[in-house]
Amino acid sequence: KQTVEELLMARMRSTKQKLKECLVSPQWREHLDEIAQGGLENIGPLFSFLLLGPQTMHRAAVALGQVTARLMQEQPESAKNIVRRLMWHLNEESGNIGWGIPEAFAEILAASESLAKDFHRILISYIIDLGRDDNYCDNDTLRRSCYWAIGRLAQTRPQLCLTARPWLLKGLEDVDPVCQGMAAWALSQLPPDLMDAPALRRLAEAGNTAPCELFDGEDVYEKTASQIAAEALEGKLK
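Nothing here was measured: the structure is a model prediction, and the numbers come from that model. Going along each chain's sequence as written, the residues are numbered from 1 onward. Given that the model is predicted, a residue must reach a pLDDT of at least 70 before its local features are reported, and side-chain atom pairs must reach 80 or more before they are shown or counted; all residues, however, enter totals for whole chains, interfaces and linings. The basis for every side-chain value is the complete set of heavy atoms in the structure, and neither hydrogens nor water enter the calculation.

Here's the deal with the overall build of the protein chain
Now for step 1: Numbering of helices and strands runs from the N terminus; a helix is a DSSP stretch of H or I covering at least four residues, while a strand is a stretch of E covering at least two. Helix and strand content of the protein chain: 12 helices and 2 strands.
Now for step 2: Secondary structure of the protein chain in N-to-C order comes out as α-α-α-α-α-α-α-α-α-α-α-β-β-α.
Now for step 3: The principal-axis extent of the C-alpha atoms belonging to the protein chain is close to 70 × 40 × 30 Å.
Now for step 4: Contact criterion: two residues are considered in contact whenever any of their non-hydrogen atoms come within 4.5 Å of each other. A fraction of 63% describes how many contacts in the protein chain between residues 6 or more apart in sequence connect residues 24 or more apart.

Right under this line is the structure:
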């Protein structure tokens, strides 16, 4: 006879496998409502999928957003604890590498207006470098995701991201060439501002060929940093 623990483990494996099949399916968005209804039971598996390839990671982040937004209506403290867990993963002292965490953070705030109001300043703080003990993300690879995350939130709640504009402009000269492109993409998601043009033009003309991974809500695709800046100038990027 199987023990209760073995039965629970088998159930968890089955849930995880089913979730993964949903997310890799071409019709993955059709499963989001069902995934959201699964509530807290689906949070652990979805967190583990953030470590998978870029496309599955982004889709898992979207699903986390849907689950957490629904929890915010039914169990608000549980939803806030999920966001706090993301913040812990991005804290250097946690010892975690936060792959996929900024993306999940952004999708949760995009999906829940009340969580966005409570936590958008925290998300923006990861690109603010005050040169002292602050929240700035000094891991180049992870900071790319932080820029993307602010752009993703700006798509849904642009007014909450306006304070990020000067830091996104500064990001166009980030030490990491991919971060420059991600900052340009995030800037292009904000309401247009003519004052952005000179800095974007400098990057567009710099010949920065660093490949930037973007997610259009369905698939992951690549553009170079200078290409992103050029398209941002023309108002084509969304």
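Having seen the model, we can carry on.
Some points on the packing of helix α4 (residues 54–74) against helix α6 (residues 101–111)
Now for step 1: Lines fitted to the C-alpha atoms define the axes, with helices restricted to the stretch that makes contact. Angles between their N-to-C directions range from 0 to 180 degrees. In the contact formed by α4 and α6, the axes pass within 8 Å of each other and the chain directions differ by 40°. Taken together, the axis directions place α4 and α6 in an arrangement best described as oblique. Viewed along their axes, α4 and α6 form a crossing whose handedness is right-handed. Contacts between α4 and α6 involve Met 57, His 58, Ala 61, Val 62, Leu 64, Gly 65, Gln 66, Thr 68 and Ala 69 from the former and Glu 103, Ala 104, Glu 107, Ile 108 and Ala 111 from the latter.
Now for step 2: By the convention adopted, Pro, Cys, Tyr, Trp, Phe, Met, Ile, Leu, Val and Ala count as nonpolar, Lys, Arg, Asp and Glu as charged, and the other residues, Gly among them, as polar. Its residues placed into classes, the contact of α4 with α6 shows 8 nonpolar, 4 polar and 2 charged. Any angle that falls under 35 degrees is termed roughly parallel, while one over 145 is termed roughly antiparallel, one within 65 to 115 roughly perpendicular, and all others oblique. If you view the pair so one helix is near and one far, a crossing is left-handed when the near helix is turned anticlockwise from the far one by less than a right angle, and right-handed when it is turned clockwise.

What about the packing of aromatic side chains?
Now for step 1: By convention, a stacked pair of Phe, Tyr or Trp rings (six-membered ring in the case of Trp) has centres within 6.5 Å and planes under 30 degrees apart, an edge-to-face pair has planes over 60 apart, and any other such pair is tilted. Summed over all chains, the structure comprises 2 aromatic pairs.
Now for step 2: Arranged with centres 6.3 Å apart and planes meeting at 70°, the rings of Phe 105 and Tyr 126 form a pair that is edge-to-face. Note that Phe 105 is positioned in helix α6 and Tyr 126 in the loop between α7 (113–125) and α8 (140–156), a separation of 21 residues in sequence. Here the two residues Phe 105 and Tyr 126 agree in accessibility, since each one is buried.
Now for step 3: Ring geometry for Trp 148 and Trp 185: centres 5.8 Å apart, planes at 0°, overall stacked. One end of the pair, Trp 148, is in helix α8; the other, Trp 185, is in helix α10 (residues 177–188), and 37 residues separate them in sequence.
Now for step 4: Whether a charge lies above a ring is judged from NZ of Lys or CZ of Arg, which has to be within 6 Å of the ring centre and within 35 degrees of the ring normal. Taking the ring centre of Phe 47 as reference, the NZ or CZ of Arg 85 above it sits at 3.7 Å. Accessibility here uses a 1.4 Å probe with only protein chains present; expressed as a share of the type maximum, an area under 20% marks a residue as buried, one over 50% as exposed, and anything in between as partly exposed.

Describing the pattern of salt bridges
It is possible for side chains bearing opposite charge to pair when their charged atoms get close.
Now for step 1: We define a salt bridge as a contact between a side-chain nitrogen of Lys or Arg and a carboxyl oxygen of Asp or Glu at a distance within 4 Å. This structure, assessed with the given rule, holds 15 salt bridges.
Now for step 2: Glu 218 is paired through a salt bridge with Arg 59; the nearest N and O atoms lie 3.9 Å apart. Of this pair, Glu 218 sits in the loop between β1 (211–215) and β2 (220–224) while Arg 59 sits in helix α4, and the two are 159 residues apart along the sequence.
Now for step 3: Among the ionic pairs, Arg 70 bridges to Glu 74, the shortest N-O distance being 3.5 Å. One end of the pair, Arg 70, and the other, Glu 74, are both in helix α4, 4 residues apart, so they sit about a helical turn from each other.

Considering α6
Now for step 1: By the criterion of burial, α6 is predominantly enclosed, with 10 of the 11 residues buried.
Now for step 2: Those residues of α6 that fall on the buried side of the exposure criterion are Ile 101, Pro 102, Glu 103, Ala 104, Phe 105, Ala 106, Glu 107, Ile 108, Leu 109 and Ala 110.
Now for step 3: Elements in contact with the buried residues of α6: α3 (43–49), α4, α5 (76–89), α7 and α8.

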